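Architecture and fold: a report
Chain by chain, the residues run as shown.
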Amino acid sequence: MKALRFAEFGPPEVMSVVETPAPHAGPGRVRIAVRAAGVSRTDSLIRAGATPPVPLPRIPGLDAAGVVDQVGEDVRGYRIGDEVFGIAPGGACAEHAVLTHFARKPPAMSWADAAGLPSAVEAALRALETLRPAPGDVLLITGAAGAVGLAAAQLARARGLLVAGVAAPDAHDLLRGFGITPVAAPEVARALVPDGIDCVFDAAGTLTPDLIALAGAADRVVTSGPSGDTGALSLTTDAPRRAWHGLAEAAGLFERGEFRLPVDRTFPLAAGPEAHHLSDSGHRLALLL
């Protein structure tokens, strides 16, 4: 099969399209003929060697959407021909990928949009399950215009939360379109939300004392980055188990018109290096196969 692959860490140009054997579905997994693969900031960090080292060579990408063409043992409720999206630890940017966690793709959802969902939705729901807010609570999200922030806002609104989001002014109209009250900086949130902030999801991963002060207690703040000695919770160390059940929830909300996370731009597989160059800019991207 054709796959985007890199054999050394470095800039996007270390990646190229090669021929490599297709993987096979193991127990509890499905293999898909990939239609689209998501491109995220995490993918760029892994390729650059900025995360704990991964074995090389490696096919980049964790998020994929496609058509099931092989069903592993112990998989129930799925068959060849089903359209799904999910997480591909062995690499998504290839003609075939094996998914370890997956859900059905709604018929009206594009392949590219489906491929942009899995990691963002899982992280967003894991943050909410760590905070355990009550209906009616006010949630403040930093990095609210990013994929994880927008996913968290929509999952939160589905649970009856009120959501305020920190983002640059040029993203405020975007946030309003998702039912999020936009704020330019955390310190101005209190004035815009007079009843107070009940909890904070620091999706930007830039935890500051102001965020803890806004929430009133460190354990009412969860960050996607390190929490240090602040007492705040971190998705990397303090979160419950992975929230892969969020994939099916997001699909259900999409079908009710209550969830969307469209990608900004798509590329062919061979343009993977160009997509990685753009991934640091905050765009939601996907490779089409």
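Residues numbered from 1 in each chain as written. Predicted model: local features only at pLDDT ≥ 70, side-chain atom pairs only at ≥ 80, totals over all residues. Heavy atoms only, no water.

This next bit is on the overall build of the chain. Looking only at helices and strands, one finds nine helices and 15 strands in the chain. For 289 residues, the compact-globule estimate of 2.2 N^0.38 gives 19 Å, and the chain sits close to it at 19 Å. For the C-alpha atoms alone, the extent of the chain along its principal axes is close to 55 × 40 × 35 Å. When the 289 residues of the chain are sorted by exposure, 52% land in the buried category. Sequence-distant contacts, at least 24 apart, represent 63% of the contacts inside the chain between residues at least 6 apart. Total accessible area computed for the chain in this model is approximately 12,500 Å², and 53% of it derives from carbon and sulfur atoms. (Helix = DSSP H or I, 4+ residues; strand = E, 2+ residues; numbered from the N terminus. Rg over C-alpha atoms; globule rule 2.2 N^0.38 Å. Buried < 20%, exposed > 50% of the residue type's maximum accessible area, 1.4 Å probe, protein only. Contact = heavy atoms within 4.5 Å. Areas by Shrake-Rupley, 256 points an atom, 1.4 Å probe, with all protein chains shown as cover.)

Looking now at the pattern of salt bridges. Per the counting criterion, the structure on display carries eleven salt bridges. As a salt-bridge pair, glutamate 19 and lysine 2 come within 3.4 Å of each other at their nearest N and O atoms. Of the two residues, glutamate 19 sits in strand S2 (residues 15-19) while lysine 2 sits in strand S1 (residues 2-6), which places them 17 residues apart along the sequence. We classify glutamate 19 as exposed; its relative accessible area is 55%. (Salt bridge = Lys/Arg side-chain N within 4 Å of Asp/Glu carboxyl O.)

Take the UniProt feature "domain: Enoyl reductase (ER)" (unreviewed entry) in the chain next. Summarizing the sequence annotation, UniProt attributes the feature "domain: Enoyl reductase (ER)" (unreviewed entry) to residues 10-287 in the numbering used throughout. The straight-line gap between the two end C-alpha atoms of residues 10-287 is 20 Å; of that span, 27% is helix and 24% is strand. (UniProt positions renumbered as here; feature names shortened; annotations may be inferred.)

Summed over the entire model, instances satisfying the criterion amount to two aromatic pairs. Measuring from ring centre to ring centre gives 6.3 Å for phenylalanine 6 and phenylalanine 9, while their planes differ by 55°; the resulting arrangement is tilted. Look at phenylalanine 9 and you get partly exposed, because its relative accessible area is 31%. Relative to phenylalanine 102, the ring of tyrosine 78 lies with its centre 5.0 Å away and its plane at 85°, an arrangement referred to as edge-to-face. Here tyrosine 78 is found in the loop between strand S4 (63-71) and strand S5 (83-87), whereas its partner phenylalanine 102 is found in strand S7 (residues 101-104), with 24 residues between them in sequence. (Phe/Tyr/Trp six-rings, centres within 6.5 Å; stacked < 30°, edge-to-face > 60°.)

If you walk across this open sheet you meet the six strands as S10-S9-S8-S11-S12-S13, and the pairing is parallel. Every interior strand has two partners, whereas the edge strands, strand S10 (181-183) and strand S13 (233-234), have only one. Here strand S8 (residues 138-142) runs beside strand S9 (residues 162-166); their pairing, made up of five bridges, is parallel. Within S9, the residue paired with threonine 142 across the bridge is valine 166. Along the sheet, helix H4 (residues 147-158) makes contact with S8, S9 and strand S11 (199-202), crossing S8 at roughly 170°. (Pairing = 2+ DSSP bridges. Axes fitted to C-alpha atoms, helices over the stretch in contact; angles between N-to-C directions.)

Time to look at the environment of histidine 96. Of note, histidine 96 is situated in strand S6 (residues 96-99). Distance from histidine 96 to proline 23, taken between C-alpha atoms, is 7.0 Å for residues 73 residues apart in sequence. Contact partners of histidine 96, with chain neighbours within four places excluded, come to Met1, Ala22, Pro23, Arg31, Ile32, Ala33, Val34 and Asp69.

Our next topic: the environment of alanine 243. With respect to the element layout, alanine 243 can be found in the loop between S13 and helix H8 (246-255). In this structure, the C-alpha to C-alpha distance between alanine 243 and proline 57, residues 186 residues apart in sequence, is 29 Å. Leave out the neighbours within four places in its chain, and alanine 243 touches Glu122, Leu125, Arg126 and Glu129.

Once that is clear, we can look at H4. Between the first and last C-alpha of H4 there are 17 Å, a value that for twelve residues agrees with the 16 Å anticipated at 1.5 Å per step. Within the sequence span of H4, burial applies to Gly149, Leu150, Ala151, Ala152, Ala153, Gln154, Leu155 and Ala156. Close packing links the buried residues of H4 with helix H3 (118-131), S8, S9, helix H5 (172-177), S11 and H8. Two residues or fewer past H4, glycine 160 is found with a positive phi of approximately 85°. (Expected span 1.5 Å × (residues − 1).)

Structurally, threonine 223 is set in strand S12 (residues 221-223). Threonine 223 sits in the buried class, given a relative accessible area of 0%. Among the polar contacts made by the side chain of threonine 223, one reaches the main-chain amide nitrogen of glycine 225 at a distance of 3.1 Å. Apart from residues no more than four positions distant in its own chain, threonine 223 is found in contact with Asp202, Gly205, Leu207, Leu233, Ser234 and Leu235. (Polar contact = N/O pair within 3.5 Å; in protein donor to acceptor, adjacent residues only side chain to side chain.)

This part is about the nonpolar core. It is characteristic of soluble globular proteins that their nonpolar side chains tend to be buried jointly. Counting residues in hydrophobic clusters, the biggest one holds 47 residues, and the most contacted among them are Phe85, Leu139, Ile141, Phe201 and Phe259. Of all the secondary structure elements, the ones that give two or more residues to this core are S5, helix H2 (111-115), H3, S8, H4, S11 and H8. In terms of residue count, H3 provides more of this core than any other element does, eight residues in total. If we skip the residues at most four places from it in the chain, phenylalanine 259 touches Leu117, Val121, Ala151, Gln154, Leu155, Ala250, Leu253 and Phe254. Core analysis: the second largest hydrophobic core is formed by 32 residues, Val34, Ile59, Cys93 and Leu285 among them. (Core = buried A, V, L, I, M, F, W, Y, C linked by side-chain atoms within 4.5 Å.)

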